[in-house]
Structures are given as structure tokens and as C-alpha cells.
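An overview of the molecular structure
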Amino acid sequence: MTGSSTLVRAGIDLGGTGTRIIITGKGGVINSITLATAEFCRVDQNERAKLLAFHVRALIPQGMELVSLGIGASGPVDTVSGIIKNKDTLECFSFFSLADELKEILGVDVAIDNDAVAAVLGEYHFGAGKNSKRLLMVTLGTGIGVALLNEGIPFRTSDNQHPEAGHIPISGNPAICYCGLRGCWEMLASRSWLQQNLEALLPQTPFEKQDLRFYQTMVTEREEVAALFHRYGNYLGRGLVTLLTLYGPDLTILSGSAAHYYPLFKNGLNESLMRADAYAINNRIVPSELGDIAGALGATVIPELN
Ligand SMILES: [Zn+2]
């Protein structure tokens with residue numbers, strides 16, 4: 001018989017660019033790897049689950065036994081059927097029974113959820129969100145990902161979907177979003193917006209090659225860079241205040257690559273959240289503790305939700 005110290009869980013963060021697989025045991029992370037998602041798209045659809053299972057197994061040390069696999073996938077996911085429905089950025093893992101196939105191959109419980117849900121579960125169980133009763137997480141990347149946990153359980157719509165709260169209209173931009181609405185929050189407050197506008201101001205400095213220190217210096221030297229970060233904070237706050245008002249979380253975690261610059265847009269953000277005392281809400285905001293690894297770590301917990 002196998003002792004509980006040899007039991008391991010697998011988590012996968014399935015993104016359009018990278019696929020991170022992590023194995024955890026009683027003492028924490030045992031093994032992990034990040035692969036290019038394109039590697040899976042090159043093989044036939046009926047081989048993709050097998051290839052994923054192969055990589056999972058390869059990370060499990062001899063003598064240890066897998067008990068479950070959880071997957072956080074970008075875009076819409078049918079959590080009941082375990083089918084990903086992301087034709088835009090994860091097409092090669094979409095529209096087939098990935099969870100059922102993996103269950104069959106690995107012989108363990110397999111569950112799939114949205115990657116924002118996986119990340120908030122990661123912070124709740126292992127990171128900055130421990131002991132939060134109602135935890136909101138906002139991820140600032142190509143778009144804006146939002147997830148909410150109530151006592152550790154993900155908030156879902158009445159038809160069991162993950163609400164795409166990056167697509168709530170805010171004032172300031174009437175342009176049409178790819179989702180069909182006008183002036184979506186993520187059009188003005190994603191990392192993409194910040195990056196485009198910073199690169200327009202500083203054409204010689206590619207955004208992904210700079211760090212917080214670089215922009216800290218630029219903010220003190222150039223007023224228009226300071227003003228840009230301030231405006232970004234304002235836009236971020238306009239959508240965030242809607243979520244804080246509706247859901248009243250006790251903690252909000254900011255993650256994603258733009259969250260590294262929180263000290264530079266904090267004042268702009270707080271300005272948008274300010275209100276009269278009688279309407280005051282909990283504005284406690286902290287940066288992510290786990291960073292990129294939150295999604296894969298949180299994915300290990302997904303099978304326990306169902
Ligand atoms: Zn939209």
C-alpha cells in the first residue's frame with residue numbers, strides 16, 4: 001500500500017504561448033517544466049492528450065503516485081464537460097474532450113477550469129490570499145482576467161460559467177472591443193494599453209526589456225511618463241471600483257506583468273477609488289506573491305472543487 005507521503009498532484013497552466021506543468025507533494029513543489037504550446041499543436045488532435053500525459057508522467061519521481069490532474073486554461077471553459085472553448089488563442093486544445101481523454105490515459109481525476117480561476121486558487125492556498133473570506137484577483141496581461149473566490153469557492157454565473165469581467169464598459173473610450181461591446185475595461189487598463197502608450201512615449205525602449213527601476217527613473221525625469229502611469233491607474237480603478245462595489249472583497253490581488261509597476265500607478269488607482277465616507281468600501285490591494293507560477297499551483301486544487 002502507498003503512503004500519503006508518496007502521493008502527488010499535477011497542475012497545468014495551459015496558455016496560448018506556454019504550457020507549465022507542475023507536480024506537488026506533501027512538502028510542496030516536486031518538479032516543474034514549461035513547454036511551448038506550439039509543440040502540442042504540431043501533432044494530431046488525437047495525440048495531444050497523450051503527449052500532455054507523457055510530460056506529466058515524466059515529471060513524477062519513481063515510487064510516487066499521481067492522484068489528480070487539474071488544468072487552468074486561457075479563455076472560456078465548460079467546467080462540466082471539461083472542454084476548452086477558446087478558438088482565439090488556444091484552438092489546438094479546444095472543442096474536444098481533453099479532460100475525458102486524460103482521465104482515461106492517466107486513470108485519475110481530471111478537471112479543467114479557466115486560468116484566472118486557477119491563479120486565484122493558487123494565491124488563496126499558497127500565496128498572498130491565504131485566509132481571505134472573499135478574494136478578488138485581477139490579472140493585467142494581454143487582456144484583463146478577473147476571478148473571485150468566496151470562502152475558496154469560485155464565483156460563477158447562473159449557467160456555471162466564469163464571468164469575463166475584463167469586458168465591463170468603463171467611461172473614457174467608445175471604441176468597439178472584439179467582444180462586441182464598446183469601451184471595455186481591458187481596452188484601457190490591460191498591460192497591452194500601458195505597453196503601447198509607453199512605447200509611443202519612449203520609442204527607443206522596448207517595454208519587455210525594462211524593469212520597475214527604469215520606469216521609476218523615467219517617472220522622476222519626465223512628467224509625461226508620470227502622467228501616463230497616473231492615467232493607467234485611473235483607468236484601472238474605473239473598472240475595479242465596479243467590482244469592489246458589487247462583490248465587496250476583503251482583499252484584491254493584482255497580478256500579471258503590469259502589476260510590477262503598481263508603485264507607479266498606485267496614486268492614479270487610489271484616486272479612482274476614492275469616495276465619501278458613507279460609501280467607503282474595502283480597498284485593500286496587494287501584488288501577487290506567486291507571480292507566474294500561481295496558475296499551475298492553483299490548478300492542482302481544481303479537481304477538489306468538483
Ligand atoms: Zn470587450
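Residue numbers here run from 1 along each chain, matching the order of that chain's written sequence. Selection of residues for local features in this predicted model requires a pLDDT of at least 70, selection of side-chain atom pairs for listing and counting requires 80 or more, and totals for whole chains, interfaces and linings are taken over all residues. Remark: hydrogens and water are excluded; side-chain values derive from all non-hydrogen atoms of the structure.

Moving on, we get to the coordination of the zinc ion. Donor atoms from the polypeptide that coordinate the zinc ion comprise His167 (ND1), Cys177 (SG), Cys179 (SG) and Cys184 (SG), at 2.0 to 2.3 Å from the metal. For Na, K and Ca the donor cut-off is 3.2 Å, while for other metals it is 2.8 Å, and in both cases only N, O and S atoms qualify; water is not among them, so sites may look incomplete. Angle rules define the geometry names used: all angles between 85 and 135 degrees makes four donors tetrahedral, while opposite donors over 155 degrees apart and all other angles between 65 and 115 make four donors square planar and six octahedral, leaving every other case irregular. Seen from the zinc ion, its four donor atoms lie at angles of 103 to 117°, and the figure they make is tetrahedral. Donor residues binding the zinc ion come from one chain and are separated in sequence as H-x9-C-x1-C-x4-C. Taken as a pair, His167 in the loop between strand S10 (153-154) and helix H5 (185-189) and Cys184 in the loop between S10 and H5 lie far apart in primary sequence, 17 residues in all. Of the two residues, His167 and Cys184, neither departs from the other in class, the shared state being buried. Numbering of helices and strands runs from the N terminus, with a helix taken as a DSSP run of H or I at least four residues long and a strand as a DSSP run of E at least two residues long. The cut-offs for exposure are 20% and 50% of the maximum accessible area for each residue type, with area from a 1.4 Å probe on protein chains only; residues under the lower value are buried, those over the upper are exposed, and the others partly exposed.

Before going further, it helps to examine the pattern of salt bridges. In what follows, salt bridge is the name for a side-chain nitrogen of Lys or Arg lying within 4 Å of a carboxyl oxygen of Asp or Glu. Going through the model one piece at a time under the given rule, you end up with seven salt bridges. Residue Arg222 is joined to Glu224 by a salt bridge in which the shortest nitrogen-to-oxygen separation is 2.7 Å. Taking relative accessible area as the criterion, Glu224 reaches 36% and is therefore assigned partly exposed.

Okay, the side chain of Gln195 next. Along the chain, Gln195 falls in helix H6 (residues 191-201). Residue Gln195 is classed as buried on the basis of its relative accessible area of 18%. When checking whether two residues touch, look at their non-hydrogen atoms; a contact exists if any pair is within 4.5 Å. In contact with Gln195, other than residues within four places in its own chain, are Phe207 and Glu208.

Before going further, it helps to spend a moment on the state of the cysteines. Cysteine sulfurs are considered disulfide-paired once they come within 2.5 Å of each other. Going through the model one piece at a time under the given rule, you end up with one disulfide. With its sulfur 2.1 Å from that of its partner, Cys41 forms a disulfide with Cys92. The sign of the -45° torsion about the S-S bond sets the Cys41-Cys92 disulfide as left-handed. One end of the pair, Cys41, is in helix H1 (residues 38-41); the other, Cys92, is in the loop between strand S6 (83-84) and helix H3 (98-106), with 51 residues separating them in the sequence.

Turning our attention to the pairing of strand S11 (residues 251-255). The element S11 is largely enclosed, with a buried count of five among its five residues. Neither face of S11 is left uncovered, since the one carrying Leu251, Ile253 and Ser255 and the one carrying Thr252 and Leu254 both have all their residues buried. We treat two strands as partners when DSSP finds at least two bridges between them. Here strand S8 (residues 134-140) pairs with S11 via five bridges, running parallel. Of the residues in S11, the one forming a bridge with Met137 is Ile253. Two strands pair when backbone bridges link them, and S11 and strand S12 (residues 285-287) are joined in this way by three bridges, in the parallel orientation. Counterpart to Ile253 in the pairing with S12 is Val286.

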